[in-house]
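# Coordinate inspection notes
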Amino acid sequence: MRQEAKVGIFVVIGIVLLFTMSTQIAQLSYGRQKGYHLHIELNNASGLSQYAKVRVNGVDVGFVSAIFLRDNKAQATLVVNDTIKIPIDSTAIIAQESMLGGKYIEIVPGKSAQTLDDNGQITNFTALPTLDQTAAAIKDAADEFKRFLAQFQGLIDEEAKLNFKETLANIRQVSGNLGAQLESLETSAHDMLTSLQGAGDEFRKTAQILNARLPMIADKLDSLLTNADELVVENKEPLKNTLHSVDSFFTEGRTVVQRLDNVLGAIDKSQIELGMRAEYLMRDSRSRGAFSVNYMPNPTYYYMGEVVGTDNYSRVDANGEPILPKKGDKDKYYFNAQLGKRYGDWLFRAGIIESSAGGGIDYFALHNKLKMTLDIYDFGSKLDVRGSSPHVRAYLRYTLLRYIDAFVGWDNIINSNLSGVYMGIGLRFIDNDVKPLIGTIGGAAK
């Protein structure tokens, strides 16, 4: 055998022996540690190995002495240093040191004064998702978003795109008009400041004239006060009545100003919501549009108005049969007017829905980005003569971007021969442009 081959074999055997000795030394070092035993039931022990570290707030306090199955559930036995006391309400977590590192058990201490004894059981366990689970969840979310985009693109035809472009053009025009108004306001403010400067010069000249004539005015004022004193003595009772009337006038005036200030303060806290949406009902292959204005004087009260344009299904012929709308027929317009009261995440509404008596319930989630709605109206089936039961509708609204909402719902649930799924897209704006002006008026009233 050549000398180079003998050296290579010797190096390989040395590396294997070194790796084996390091592993055994690590196990022996853990085996020599003294401590008491704790038991824990794991949902999933994937990636956790025997002799894995046990840490409390990032500090090593023991190791995993055994991992086994009991009743098809993963169990682990921990060895914890005698000097470390674990509260009985502590929580165990399987954590990972890094993307490539091994896993260990992190114990989050509880607040209980009572601690676990030898062979105690940790009952609180929090399982963090593994990298595989996280990757799968991300993939599912991406697939779902792709499906949503495909459906969304299928809903928006050329006419809808044209309408959306016209809406954006109108918004830009309104923004331009607002900019022109602001420029005009800035010019007016500059003119007003110039006028005030001129008034200040006139006031300074007047003050100089008054200062020159002040001694004469003081003499006349002294004479006037002497005569006024005599007049007050002679007319004490009438003057008292007059002063009482003046005091009553100013008291009532302060009350009126205070009420006006309360009203202006309430307006300053109010909110106006403007919205428009377009919906497509798949069963009838028809569309529906709406424009809404919601006024909220405070976060719990709602005054809601809306105009809805849709196909006309309220007509019947001489035989009482429904007259179905044809392509090219004009839409029929209905109006909504509701009052709402909000309790926490729930909003209860009642009033007029599509020109008929009705009501509904809304539930808000995800900081109001998601809204679940249930409406019931048209109890006499006058809006859609094809049905015989009230019109019940349920849908979800999700805010995709700051001003853009997506809708998906189930229309006419009770009338099974008419029910179907619909989807939509909408724009919604919160109008706060007039709040600074109202706040200025409230400050002037004070």
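Residues numbered from 1 in each chain as written. Predicted model: local features only at pLDDT ≥ 70, side-chain atom pairs only at ≥ 80, totals over all residues. Heavy atoms only, no water.

### Comments concerning the nonpolar core
Formed by 23 residues in total, the largest nonpolar core has its most connected members in Leu38, Leu42, Leu78, Ile86, Ile105, Ile107 and Ile122. Those elements giving two or more residues to this core turn out to be strand 1 (36-42), strand 2 (53-56), strand 3 (59-70), strand 4 (73-80), strand 5 (91-96) and strand 6 (103-108). Every residue in contact with isoleucine 86, bar those within four places of it in the chain, is listed here: Tyr36, Leu38, Val56, Val80, Ile107, Gln114, Thr115 and Leu116. With five residues, the next largest nonpolar core counts Met296, Tyr302, Leu347 and Phe364 among its residues. (Core = buried A, V, L, I, M, F, W, Y, C linked by side-chain atoms within 4.5 Å. Buried < 20%, exposed > 50% of the residue type's maximum accessible area, 1.4 Å probe, protein only. Helix = DSSP H or I, 4+ residues; strand = E, 2+ residues; numbered from the N terminus. Contact = heavy atoms within 4.5 Å.)

### A look at the sheet that holds strand 3
Spatially, 7-1-4-3-2-6-5-8 is the arrangement adopted by the eight strands of the open sheet, whose pairing is mixed. Every other strand in the sheet has two partners, leaving strand 7 (120-122) and strand 8 (124-126) as the edge strands with one partner each. Across the sheet, the mean angle separating the axes of adjacent strands is 35° when strand polarity is ignored. Note: strand 2 against strand 3, four bridges, orientation antiparallel. Each residue of the ladder has a partner; that of valine 54, found in strand 3, is glycine 62. (Pairing = 2+ DSSP bridges. Axes fitted to C-alpha atoms, helices over the stretch in contact; angles between N-to-C directions.)

### Observations concerning the environment of valine 392
Examined against the element boundaries, valine 392 turns out to sit in strand 16 (residues 391-399). The buried category is assigned to valine 392, whose relative accessible area is 11%. Distance in space between the C-alpha atoms of valine 392 and glycine 360 is 9.5 Å, their sequence separation being 32 residues.

### A short note on unusual backbone geometry
Look at asparagine 57: it is not a glycine, yet its phi comes out positive at around 55°. Examined against the element boundaries, asparagine 57 turns out to sit in the loop between strand 2 and strand 3. In this structure, serine 355 takes a positive phi of about 60° despite not being glycine.

### As for the packing of aromatic side chains
Tallied over the full model, the rule gives seven aromatic pairs. When the ring of tyrosine 51 is compared with that of phenylalanine 63, the centres are 6.0 Å apart and the planes differ by 20°; the resulting orientation is stacked. Within this pair, whereas tyrosine 51 is found in the loop between strand 1 and strand 2, its partner phenylalanine 63 is found in strand 3, the two being separated by 12 residues in sequence. Cluster of aromatic residues (ring-pair linked, three or more members): Tyr395, Phe407 and Tyr422. Across the ring face of phenylalanine 407, the terminal group of arginine 277 is positioned such that the distance to the ring centre comes to 5.9 Å. Its guanidinium or amino end placed over the ring of tyrosine 422, arginine 288 lies 5.4 Å from that ring's centre, counting from NZ or CZ. (Phe/Tyr/Trp six-rings, centres within 6.5 Å; stacked < 30°, edge-to-face > 60°. Lys NZ or Arg CZ within 6 Å of the ring centre and 35° of its normal.)

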